[in-house]
2 protein chains.
Amino acid sequence: MKIRKFSFGKIVDCNSVIKDIKTENGEIPYFFNENGKLTLKFKKEDLVYGLGENVRGINKRGWIFESYCSDDPNHAQDKRSLYGAHNFLIIHGVDRSFGVLIDTPAKVKFDVGYSNNEKLYIDVEGNNYDLYIIDGDNLNDISREFRALIGESYVPPKWAFGYQQSRWSYKDEEEVRTIGDKFRDKNIPIDCIYLDIDYMERFKNFTVNREAFPNFEDMVSDMKKDGIRLIPIIDAGVKIEEGYDIYEEGVEKGYYCKDKDGKPFVAAVWPGRVHFPDFLNSEARLWFGKKYKWLVDKGIDGFWNDMNEPAIFYSEEGLKKAYEKVEESKNKNLDIYSFFALKDAFTGLSNSQADYNSFYHNMDGNIIKHNDVHNLFGHNMTRSAAEGLESIDSNKRFLLFSRASSIGMHRYGGIWTGDNTSLWEHLEMNVKMMPNLNMCGYLYTGADTGGFGGNCTEDLMKRWFQFSIFTPLFRNHSAMGTRKQEPFAFGEETEGTLKKFIEFRYGFIPYLYSEYMKASINNELMFKPLSFDYNDEISRGVEDQILLGDSLMLAPIIKQNAKGRYVYLPEDMLMVKAKSLDEINYEVMTKGHYYIEADIDEFIFFIRKDKILILGDSAKNVESIKNEELDVTVFLEDRANYMLYDDDGKSKEYIKGIYNNINIEIKNEDGDINVNCEVKGQTNVKKLNITVILKDKDNIKKCYKF
Amino acid sequence: MKIRKFSFGKIVDCNSVIKDIKTENGEIPYFFNENGKLTLKFKKEDLVYGLGENVRGINKRGWIFESYCSDDPNHAQDKRSLYGAHNFLIIHGVDRSFGVLIDTPAKVKFDVGYSNNEKLYIDVEGNNYDLYIIDGDNLNDISREFRALIGESYVPPKWAFGYQQSRWSYKDEEEVRTIGDKFRDKNIPIDCIYLDIDYMERFKNFTVNREAFPNFEDMVSDMKKDGIRLIPIIDAGVKIEEGYDIYEEGVEKGYYCKDKDGKPFVAAVWPGRVHFPDFLNSEARLWFGKKYKWLVDKGIDGFWNDMNEPAIFYSEEGLKKAYEKVEESKNKNLDIYSFFALKDAFTGLSNSQADYNSFYHNMDGNIIKHNDVHNLFGHNMTRSAAEGLESIDSNKRFLLFSRASSIGMHRYGGIWTGDNTSLWEHLEMNVKMMPNLNMCGYLYTGADTGGFGGNCTEDLMKRWFQFSIFTPLFRNHSAMGTRKQEPFAFGEETEGTLKKFIEFRYGFIPYLYSEYMKASINNELMFKPLSFDYNDEISRGVEDQILLGDSLMLAPIIKQNAKGRYVYLPEDMLMVKAKSLDEINYEVMTKGHYYIEADIDEFIFFIRKDKILILGDSAKNVESIKNEELDVTVFLEDRANYMLYDDDGKSKEYIKGIYNNINIEIKNEDGDINVNCEVKGQTNVKKLNITVILKDKDNIKKCYKF
C-alpha cells in the first residue's frame, strides 16, 4: 500500500485529491502525538521538501510555516505564509523517505524544527483533517504517487511559454499598443501583454474603462493578429455600485458571502466596498465563471486571477474600531504603548483575522465561517474561471493562473509567486521555490521577473532573465511608482542583452514544452532538487542548483556583482555557457567542485551525462516559430535517449492521444556513434542537427533527416 | 599631495576631520559635473568600497545609497539609509584607486551605478560641502591616509571585548541578577549585561525605576564584584514632565532644540512627549554630557546611546494632520487611493521629513534648521557623552557606543549596527558591513548577535556566534516579544555549543585586542576585503570572506542548513577548524578553490602564509584571564613576525607609551626553525607554546620562556 489515509474530526471536501482512498483506523506510521500535535522525531540527516510557495530554502528544516493564504508583499525570510496553502511535504532521510499531505481547508502550522530542532510538529486549527502518508521507493516515486493522488496539472496553451510583458499598469490603449509596437520594432519576441486593474471601469470585473480603452475590441484583435495576446486581470471582489449588473445580479441571487446577519458581507479592496462571490458554492461559482465569456467574446484568451486570498484592505467594522482608537487617543500623551496601539489600529486594518471570522460561505447547504475554509477561496475562484471557460469552449486551452491557491487548484490553472520585490534575495527565493511548487502540483509557474515592488537594477534584471529563460511562466512585471522594467527601459546595451536572452528562451521552447507536457501527463517534476537523482552527501545539501527535466542541471548566478559562481557536479557533465542562441560554448567537466566564471551577459547550465538538449529557433512569437530543423546536443558516454513531445499547443486533443513524439536514441558503440529516431504522430521537424560531445574526444557532427 | 580639498557653498563644521587641509581652486581630479552632480565615469572593473553602515555588498556598485541617519528596523536590500551617515568611499580600479570624502551635515545621495551603470553620481542636498580626494599607493595606504585625516578611533576598555548579554528588557533587578547568576552557575563567560529602556522611571534619562530596581546601586556593585558590568541605555529625547529636574533645567537654560517660534520643540518617543537637547550647541552638549555622572557615581562604566538619529515616533503637528485625514475619510467609500492615503497618514507619522524641517539648532550662535544638519545629531550626542565622561574621569576608558553616527564620531565611541532581525541575510550583511565600517573609522562595532527583531533559530544562533567570536563588539540582543536568545534559552545541546564558542572568544582576545589597538593607533583596518592584500581577479570579487588583522582570513558559514561552504584561498593558507578552544584542527591548504565541510557545531578560519595566530585562556570574564601561557601557531614558509600588543586595558596610559609588546619572530632557516622574541614593557606572559606548521613537513613544537 503506497498511500495510507487517516481521518480526524469533521471533514470538508477540499477538492484536492481525486482518488478515493479508504480511511484506515490503525496506527499512524512515522508520527506520534505530542500535546495534540502530529509529531515526528527527525533523524539528524533528514531533509524536508515541499510546502510549495514559501520562503527560505528548498530544504524547509529550521523554520515554522503556516498555511494561510496571505496577501503580504513583504516576502522576507521571517514570513510564515505567502499566498498559497500547500500542505504537502516529503521527509527525506537516509534510510526512509515518505510524503505527507494534510488535507484540510483550515490553517495549518508546520513547525519544521523551529521550536525543537529535532522535531516536526504539525498543528491543524480545529483538528479536522485527512492525513495521507505516501510511501515510495525513492523521492521521484513518492512525488509521482502524490501527484497521481491530486490529479494531472493544468496545461496552458503553447503561446503561454513565450515572453510576457506586464506593468501595473499600462494605463490606456495607446500605451498598450506602444509597448507592443516597441517589441515588434525592436524585433524582441513577445507573446503577451498584461492588463492590470486600470483597464477596468472603476475596478469592476468584466467591464472596460472606455475613456482609456475606447476601442478595446479592436486593440485586442489588432494585437492578436500581430501575435500579441492581452491578458486581463480579474479580482475576487465585486464592486458595490448601483446599476452594475454583476453586483446587482449577485445580490439578487444570493451569490455573495454573507455576514452573520445573512446580508452580503462588505469588504473593501481596489474599488472601495465590494462583495465576495461565494466561490465555495457551486451555483455561485459557475455563475461567476461564465462571466469570463464577456471578455472571451472580445478575443481574450487568458486571465490572471488576483486578490483571491481574499485580500481585504479594510472592513467597515475594522475602520470603525480604528476611528474609535483615534477618539480615545486624542489629547493624550501617547507613549510607546498607546502610540503603537494607535498606529497598529491602521496598519492592522488589512487582512485581519477579525474580518476573516466575520463572514460565511454556503457550501451547497452547509454554512461555514470563512476562516475555517479560508485556504479554499482562491482555489475555488480559479476553479470557477476554469469551469466557466470550459463551458465556453471545452476544447480550447486558456491561459489561467492565480495568486492564491491550495492543493488541487493546479488542475485548473497555474500560479505566479505573487508580489515579490526587486531584490537579489527574491531571485534566489524564486530558484529555491520552483522544485517545491512542482512537488505540490504547480508546473505552470514563475516569479515576476525583475521583481514587482521596488526598483530593479540592470544587473539584477539580467541575472533574473537568465533564470526565467527556464521557467514555464516568464513574465516581467512591475508595480506602479517603481522603475520601468521592459527590456528596453534600461538603455541600449542592456536591451541588446535582454533581447538575446528572450530569443534564447524561444529557442529553448521545444525542450521546455516537451518537458512540461511530459511532467503534466506523467505526474513528474520539471524542477527537482539534486537529491532526487543524486543521493550523495553534497547533492543532498545543494540549495542553488536544480535539475530541469530529463537532461539539465541549472546553476544560475544570483549574487550581485558576481562574475562567476561555485558549482557542484555530482557526475561528469557538459557545461553550456551561453550569451545568445548563436553564442554557445560547451565544455566537458568531470564530477566535482568548480568555480566557474560567467560575466553579467552570459549564463551557464549543464547537460547531464548521456542526456540530450534540444534547441530550436526564435521568432517574433511562439506560433511563428518554424522549428523545421532542431539542434540536438548530446553529452555521450554510452547511450542517450530523449523523447521530444509536441502537439498543436492550443487544443485539448492531446488528451485523446493526438500529439507527436520524436524518440531520439544516440549510442556509442565502441566509438561508432549511431543515431536512431522514431516518430510517433505528425511532426513538422524535417531535420536534426546532432552534435555528439564525448569526453576526451573530438565532437562528432551528425545529421538526421525525416 | 596625498589629500586634496575642494570647497563648495557654505560650510558647517561637521567635526569630522582633524587635519587642516588647504582648499584648492583647481580642477577636481577624477570627477566632472553632470547636471549639477559630482560625476565619475566608472571603468568596467571598478569596485566601490566604503559608505560604512549600509545594506548590500562590500562592493557597493549597483545601488543607490542616501546618507540620512534613519531609524528603520527593516534593513532590507532595497533600503537606501540606515542609522549612520558615512560619506567616505574608495574607488578601486585596476590602474588607479582613490578615496573620496564628502564632508557635509546634509543628506547626500550616492548613486553608485544605479541610474546609469557606468556612472557614479554624488548629489549633496543644498550643495554645501567639502570634497576631499585621497590618493595613495594602494588601498591600505588610501585607507590609512583617510583615517589619519579623521583621527584615531575610540578605544574601549578591554573588558568590552568580553561577551555581552542584552534583551529589551530585563525588566527588574531580580531578572538582571538571575541572568548574571545563570552565566556564573553554568560557567559561561560574560562581562556585561545591558539595561534597556525599562530600567528608567517612565523612560526618563538619568533616572531609575525604583519599583523594579529598588537596590540599583547594590545590584551594580554586587554584579561588578562578580565581574559583570551593567550597561544602561541613554535616549536622545528628554521627557517633558513637571518636576523632572533635567527637563526643567534644560528648558530654563534654553538647551533644547527650538521650533520656529523659539519654543522648545516637542517630539514624541518612548515616554511620549520629549524635548531634544541641542547637542550641536557646545554648552548644551557639555551640560547633557555631565549628566552621565549620575550613573557613573552608581558604579556604571559604560553606556549605549540610542534613538539619536533622532528617531521621532510622532509630532503633535503630524498627529493633528493624521486626525484630520480621519475626519476627511469618515463616511466615504475609501478606494485604493483614499484608503492608502489614510493608512499612510499613520504609517508616515514616524521620522517624517516635515518634522525634521520644523526644528532648529543653535550652533553656538548660528541658527540652523535641523534637516540641514540632521546627520550630526547622533554624532554630537555621543560626543556629548564622551566629553562628559572625560570630564568625570579623564584617564578612564568607558564603554560607549551609539546607534546614529557620522564621520568623526568614531573618535568618541563605537556603534552597533542597529535594530537588525534574526535573518540569515542579516548575518551575511553583518559580515559584509565590517570592512566598510572599519574604513569609515568604526573599529568598535558589531551586530546584535542572533538578531534584534524576529525569532532566532538555533542554527542561526550558532552560525552567528561563530562570526561574532571575531567582532570587537560581541553582544547578543533581542527585542520584546521575540524568542529568548540567551545561550541557555535553546536547550542543553545548543547551550553547550554556544558556551564553547564564547570560551573560544575569550581565548581569542589576546589577538583581537592586539589587532584592535594597533588598528586604532596606526589607523589600520581590522577587517579588510581580500582585495586590500590580494589583487588577483577572484579576490577582487570575493564578498563572503574577509581578512581580520595581520594574520587571519575569515570564511564564516552564513547559509541555513549548510554543512560546508566554498572558500577561495588567494595563497597557501593554514585552515583552522574549531569546535572549542580544546578541539582545533589545522590543515595546510594550497592556493585555490575548495569546498570545505563544517558541521553546525564547528567553524573555520585561516592563518595566512608566514602569519601567526595567538590563543590564550578563557575565564569567567576578561579581567580574570591569566594568559601567563599563550599558544602561538605559525604557518611558516620563510619568516613570520607578529607584534602582540597589550596594556592595562582600562586607562589611557597607553597614549603615553605605557603598554607592552611582544615581538615574535619565527624563521625557517633551511629547515632550522629559530624563534626570537623581544619584549617591550612589562608583560604577564611567562611562556609561549609555539607550534610551527610547515607545508609538506611534520609540525614542530617549540617553547619560549620569558
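Residues numbered from 1 in each chain as written. Chains lettered and ligands numbered in written order. Predicted model: local features only at pLDDT ≥ 70, side-chain atom pairs only at ≥ 80, totals over all residues. Heavy atoms only, no water.

The name given to chain A in an unreviewed UniProt entry is DUF5110 domain-containing protein, with Clostridium sardiniense as the source organism. According to its UniProt record, chain A has this under Sequence similarities (unreviewed entry): "Belongs to the glycosyl hydrolase 31 family." (UniProt positions renumbered as here; feature names shortened; annotations may be inferred.)

(A) Quick look at the packing of helix H7 (residues 316-329) of chain A against helix H7 (residues 316-329) of chain B. Remark: H7 of chain A packs on H7 of chain B, axes separated minimally by 11 Å, with the N-to-C direction vectors making an angle of 140°. Judged by the inter-axis angle, H7 of chain A sits oblique to H7 of chain B. Crossing hand, H7 of chain A versus H7 of chain B: left-handed. Between H7 of chain A and H7 of chain B, the contacting residues are Tyr323, Val326, Glu327 and Ser329 of chain A on the first element and Tyr323, Val326, Glu327 and Ser329 of chain B on the second. In terms of residue class, the contact of H7 of chain A with H7 of chain B is made up of four nonpolar, two polar and two charged. (Axes fitted to C-alpha atoms, helices over the stretch in contact; angles between N-to-C directions. Helix = DSSP H or I, 4+ residues; strand = E, 2+ residues; numbered from the N terminus. Parallel < 35°, antiparallel > 145°, perpendicular 65-115°, else oblique. Left-handed = near helix turned anticlockwise from the far one by under 90°. Contact = heavy atoms within 4.5 Å. Nonpolar A, V, L, I, M, F, W, Y, C, P; charged D, E, K, R; others polar.)

(B) Region of interest: the relation of the copies chain A and chain B. Note on the identical chains: chain A maps onto chain B by a rotation of 180° and an axial translation of 0.0 Å, with an RMSD of 0.0 Å. Such values leave the two copies arranged in the relation of a two-fold axis. A symmetric contact is evident, with 100% of the interface residues of chain A recurring at the interface of chain B. (Least-squares fit on C-alpha atoms with pLDDT ≥ 70 in both.)

(C) Main features of the UniProt feature "domain: Glycosyl hydrolase family 31 C-terminal" (unreviewed entry) in chain A. In the numbering used here, UniProt assigns the "domain: Glycosyl hydrolase family 31 C-terminal" (unreviewed entry) feature to residues 526-613 of chain A. Structurally, residues 526-613 of chain A is divided into 6% helix and 51% strand, and its ends, taken at the C-alpha atoms, are 15 Å apart.

(D) Highlighting a negative patch on the surface. All names here are of chain A. Taken together, the side chains of Glu242, Asp245, Glu248 and Glu252 present a region of like negative charge at the surface. Looking at the secondary structure, you find glutamate 248 in helix H4 (residues 245-253). A relative accessible area of 32% places glutamate 248 in the partly exposed class. (Patch = residues over 30% accessible without salt bridge, like charges linked within 9 Å, V, L, I, M, F, W, Y side chains within 5 Å. Areas by Shrake-Rupley, 256 points an atom, 1.4 Å probe, with all protein chains shown as cover. Salt bridge = Lys/Arg side-chain N within 4 Å of Asp/Glu carboxyl O. Lys, Arg positive; Asp, Glu negative; His and termini not counted. Charge placed at Lys NZ, Arg CZ, Asp CG, Glu CD. Buried < 20%, exposed > 50% of the residue type's maximum accessible area, 1.4 Å probe, protein only.)

(E) Just the packing of helix H11 (residues 424-439) of chain A against helix H12 (residues 458-468) of chain A, in detail. Residues and elements named next belong to chain A. Contact pair H11 / H12: the axes reach a minimum separation of 10 Å and the direction vectors enclose 5°. Here H12 runs roughly parallel to H11, going by the angle between their axes. The residues of H12 that touch H11, namely those facing Trp424, His426, Leu427, Asn430, Val431 and Met434, are Asp459, Leu460, Arg463, Trp464 and Phe467. Each residue belonging to the contact of H11 with H12 can be placed in one class, and the counts come to seven nonpolar, two polar and two charged.

(F) Quick peek at the interface of chain A and chain B. Between chain A and chain B, the contact holds 70 residues from the first and 70 residues from the second. With both sides pooled, the region where chain A packs onto chain B buries about 6000 Å², and carbon together with sulfur makes up 51% of that total. At the boundary of chain A and chain B, one finds six salt bridges. The shortest N-O distance in the salt bridge between lysine 330 of chain B and glutamate 327 of chain A comes to 3.6 Å. For the pair chain A and chain B, the number of links is 32 residue pairs in polar contact (both at pLDDT 80 or more). Among the elements of the structure, strand E17 (272-275), H7, helix H8 (336-347), H11, helix H13 (492-522), helix H14 (537-541), strand E30 (564-569) and strand E33 (592-597) of chain A are those that each provide at least two residues to the side of chain A that touches chain B. The element contributing the most residues to the side of chain A that touches chain B is H8 of chain A, with eight residues. (Buried area = accessible area lost by both parts, 1.4 Å probe. Polar contact = N/O pair within 3.5 Å; in protein donor to acceptor, adjacent residues only side chain to side chain.)

(G) Region of the structure containing the sheet that holds strand E1 (residues 3-8) of chain B. Residue and element names in this part refer to chain B. An order of E1-E11-E8-E7-E4 is seen for the five strands of this open sheet, with the pairing classed as antiparallel. Every interior strand has two partners, whereas the edge strands, E1 and strand E4 (47-50), have only one. Each strand of the sheet is rotated relative to its neighbour by a mean of 20°, with strand direction disregarded. When E4 meets strand E7 (residues 88-92), the two strands line up antiparallel, connected through four bridges. Bridge pairing in E7 links glycine 50 to leucine 89. Here helix H1 (residues 139-150) sits on the sheet and contacts E1, E4, E7, strand E8 (97-103) and strand E11 (129-135); the angle it forms with E11, its principal contact strand, is near 140°. In the packing of helix H11 (residues 424-439) onto the sheet, the strands contacted are E4 and E7, and the crossing angle to E4 comes to about 70°. (Pairing = 2+ DSSP bridges.)

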